[in-house]
Amino acid sequence: MKKNNKILALLALALPSLTSCINEDLSGCGTDFGLTYNVRLRTNLRSTLYGELSAPAEQAVAERLAQALGGVFTDHASDLDLAFYTGEAPAHREAHEMDGSSASYTIYLPSADYNHLAIANAGAEPQVSVEGDAYSALCLRQAPADTIDSHSSGVFAARRQLRVADAGGSFNVDLYMQNSAVALVIDLNGHQLTDIHGSLSGMASAFAVADSTYSFDRNTVIRASRLDDGQGRVALYAACFPSRGHEAYEDYKAYKTYKPNKPYSPNKLTAPEASALYRLVVYTTENGSITESTLSVSEPLRAGDIKVIKARIGDGGQVVTDAPEVGVSVKLDWKPGGDHDIEI
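Quick caveat, the model's predicted, so the values are computed rather than measured. (Residues numbered from 1 in each chain as written. Predicted model: local features only at pLDDT ≥ 70, side-chain atom pairs only at ≥ 80, totals over all residues. Heavy atoms only, no water.)

Chemist: If you had to explain the overall build of the protein chain to someone new, which residues and values would you point to?
Modeler: Assigned secondary structure in the protein chain consists of four helices and 22 strands. Counting across all 344 residues of the protein chain, residues that qualify as buried make up 45%. Within the protein chain, counting contacts between residues at least 6 apart in sequence, those at least 24 apart form 71% of the total. Accessible surface, the protein chain: about 17100 Å² in total, of which carbon and sulfur atoms supply 49%. (Helix = DSSP H or I, 4+ residues; strand = E, 2+ residues; numbered from the N terminus. Buried < 20%, exposed > 50% of the residue type's maximum accessible area, 1.4 Å probe, protein only. Contact = heavy atoms within 4.5 Å. Areas by Shrake-Rupley, 256 points an atom, 1.4 Å probe, with all protein chains shown as cover.)

Chemist: Please give an account of the nonpolar core that cites residues and values.
Modeler: Counting 43 residues, the largest nonpolar core has Tyr 37, Phe 84 and Leu 175 as its most contacted members. Beyond its immediate sequence surroundings of up to four residues, Leu 175 is in contact with Tyr 37, Asn 38, Val 39, Arg 40, Leu 80, Met 98, Ala 118, Ala 120, Phe 156, Ala 157 and Ala 158. Membership of the second largest hydrophobic core comes to 26 residues, among which are Ile 196, Ala 238, Val 297 and Ile 313. (Core = buried A, V, L, I, M, F, W, Y, C linked by side-chain atoms within 4.5 Å.)

Chemist: Can you tell me about the pairing of strand E19 (residues 289-297), naming the residues and giving the values?
Modeler: Taken residue by residue, a regular strand's side chains alternate between the two faces of the sheet. Burial analysis of E19 places seven of its nine residues in the buried class, which makes it a mostly covered element. Where strand E18 (residues 278-286) meets E19, nine bridges bridge the pair, whose relative direction is antiparallel. Across the sheet, the residue bridging to Thr 284 is Thr 291, located in E19. Where E18 folds back on E19, the antiparallel hairpin that results is connected by two residues, among which Asn 287 adopts a positive phi of roughly 55 degrees. Strand direction decides the pairing type here: E19 and strand E22 (residues 326-331), joined by six bridges, are antiparallel. Bridged to Leu 295 within E22 is Val 328. (Pairing = 2+ DSSP bridges.)

Chemist: A description of the sheet that holds strand E10 (residues 170-177) should follow, citing residues and the corresponding values.
Modeler: Strand order across the open sheet formed by seven strands is E3-E2-E5-E9-E10-E1-E4, with mixed pairing between neighbours. The sheet is open, and its two borders are formed by strand E3 (89-100) and strand E4 (102-110), each paired with just one other strand. Ignoring which end each strand starts from, the neighbouring axes of this sheet average 25 degrees apart. The sheet contact formed by strand E9 (residues 156-164) and E10 spans two bridges and is antiparallel. Among the inter-strand pairings, Phe 156 is bridged to a residue of E10, identified as Met 177. (Axes fitted to C-alpha atoms, helices over the stretch in contact; angles between N-to-C directions.)

Chemist: I'd like a rundown of the pattern of salt bridges, residues and numbers included.
Modeler: For the structure shown, the criterion picks out 17 salt bridges. Notably, a salt bridge pairs Arg 46 with Glu 63, separated by 2.7 Å at the nearest N-O pair. Of this pair, Arg 46 sits in helix H2 (residues 45-52) while Glu 63 sits in helix H3 (residues 59-68), and the two are 17 residues apart along the sequence. Arg 46 sits in the partly exposed class, given a relative accessible area of 40%. On the basis of relative accessibility, which here comes to 22%, the residue Glu 63 falls in the partly exposed class. With a closest N to O distance of 3.1 Å, Arg 141 and Glu 131 form a salt bridge. Of this pair, Arg 141 sits in strand E7 (residues 139-142) while Glu 131 sits in strand E6 (residues 128-131), and the two are ten residues apart along the sequence. Residue Arg 141 is classed as partly exposed on the basis of its relative accessible area of 22%. For Glu 131, a relative accessible area of 33% translates into the label partly exposed. (Salt bridge = Lys/Arg side-chain N within 4 Å of Asp/Glu carboxyl O.)

Chemist: Kindly report on the packing of aromatic side chains, identifying the contributing residues and their values.
Modeler: Evaluation of the coordinates by the stated rule reveals seven aromatic pairs. Measuring from ring centre to ring centre gives 6.5 Å for Phe 33 and Phe 84, while their planes differ by 85 degrees; the resulting arrangement is edge-to-face. With a gap of 51 residues between them, Phe 33 in strand E1 (residues 30-40) and Phe 84 in strand E2 (residues 77-86) connect regions that are remote in the sequence. Of the two residues examined, Phe 33 and Phe 84, each falls in the buried class. Note on Tyr 37 and Tyr 105: the rings are 6.1 Å apart at their centroids and 55 degrees apart in plane angle, and the pair reads as tilted. Linking Tyr 37 in strand E1 with Tyr 105 in strand E4, this pair joins segments that are 68 residues apart in sequence. Since its relative accessible area comes to 14%, Tyr 105 is described here as buried. Grouping aromatic residues by their ring pairs yields a cluster made of Phe 33, Phe 84 and Phe 171. (Phe/Tyr/Trp six-rings, centres within 6.5 Å; stacked < 30°, edge-to-face > 60°.)

Chemist: Describe the confidence of the model for the protein chain, and please don't skip the residues or the numbers.
Modeler: Residues of the protein chain with pLDDT of at least 70 account for 81%, and the chain-wide mean is 85. Ignoring residues within four places in sequence, the model shows residues 263-270, a span with pLDDT below 50, making 14 contacts including any to other chains. Counted against residues more than four places away or in other chains, residues 338-344, with its pLDDT under 50, gives 15 contacts. (pLDDT = per-residue confidence, 0-100.)

Okay, here's the thing in structure tokens:
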């Protein structure tokens with residue numbers, strides 16, 4: 001009887017603290033739950049390149065581009081930044097070495113509803129950094145310079161609402177690529193160029209993770225990298241954030257497909273209004289003369305995609321393309337204004 005009384009007394013002492021944990025302050029009460037992260041690609045790089053560059057004479061440049069951009073269009077992530085919020089307020093943050101396309105972690109947090117944001121591979125990309133603490137402020141921001149090099153790694157992000165209950169549980173989180181790439185493949189067409197180089201402009205400068213929107217508050221120029229296939233073709237390519245206009249342009253294309261004879265809302269982009277969403281400027285040097293060719297692209301570049309533009313060198317050293325979504329303006333015998341980075 002005395003033994004039973006002792007047990008009841010201990011339970012009576014413990015009961016108030018348990019009640020407080022459940023009904024009042026959750027700060028001291030937590031649970032383990034599982035999170036599994038998976039890196040997802042929109043684009044199969046090799047399939048896209050070999051599909052766009054399908055002619056036998058284009059196979060060598062397709063293979064070299066696949067190798068050059070393989071570090072961007074990959075489902076392998078090296079690092080992972082995890083942020084948890086109650087509303088806008090930061091609740092917990094931790095970093096991991098992911099080192100793969102999938103990874104699972106056990107997280108310990110108080111039982112509550114959380115807004116969760118995850119960023120992968122930002123530590124591997126020197127042109128991009130993670131900024132912000134509050135939920136709506138967390139973003140991927142490109143280096144704040146007038147001109148930068150091409151991105152060299154894919155950067156991924158995810159958002160998810162989590163209800164962490166006393167019983168724990170597990171969640172899957174898919175990480176999607178937030179940068180993209182453009183490749184201009186040029187047939188030299190028998191011309192002996194002493195130099196060819198270019199740049200890309202009109203792309204986003206930052207990505208807000210919580211609402212999946214891009215900002216264009218800085219018109220940074222991206223230097224294009226160059227490769228030669230040794231068989232008369234040159235590729236200028238750059239990895240970057242996406243361009244403007246994707247949502248409105250996609251709406252327009254869908255509208256024209258399903259309602260071709262109906263008027264379109266003027267508050268959305270039409271095909272002509274979507275012109276010059278981004279630009280490539282190419283400088284070619286032949287016989288001491290420099291030609292500037294500006295390629296204005298009206299088709300938006302989406303996150304996770306690569307845009308391949310095929311072109312050739314014309315009689316004046318200019319870049320010529322038959323792509324209907326690309327307009328070209330040319331300045332023959334172009335003279336540089338000084339030793340500085342070229343801006344568009």
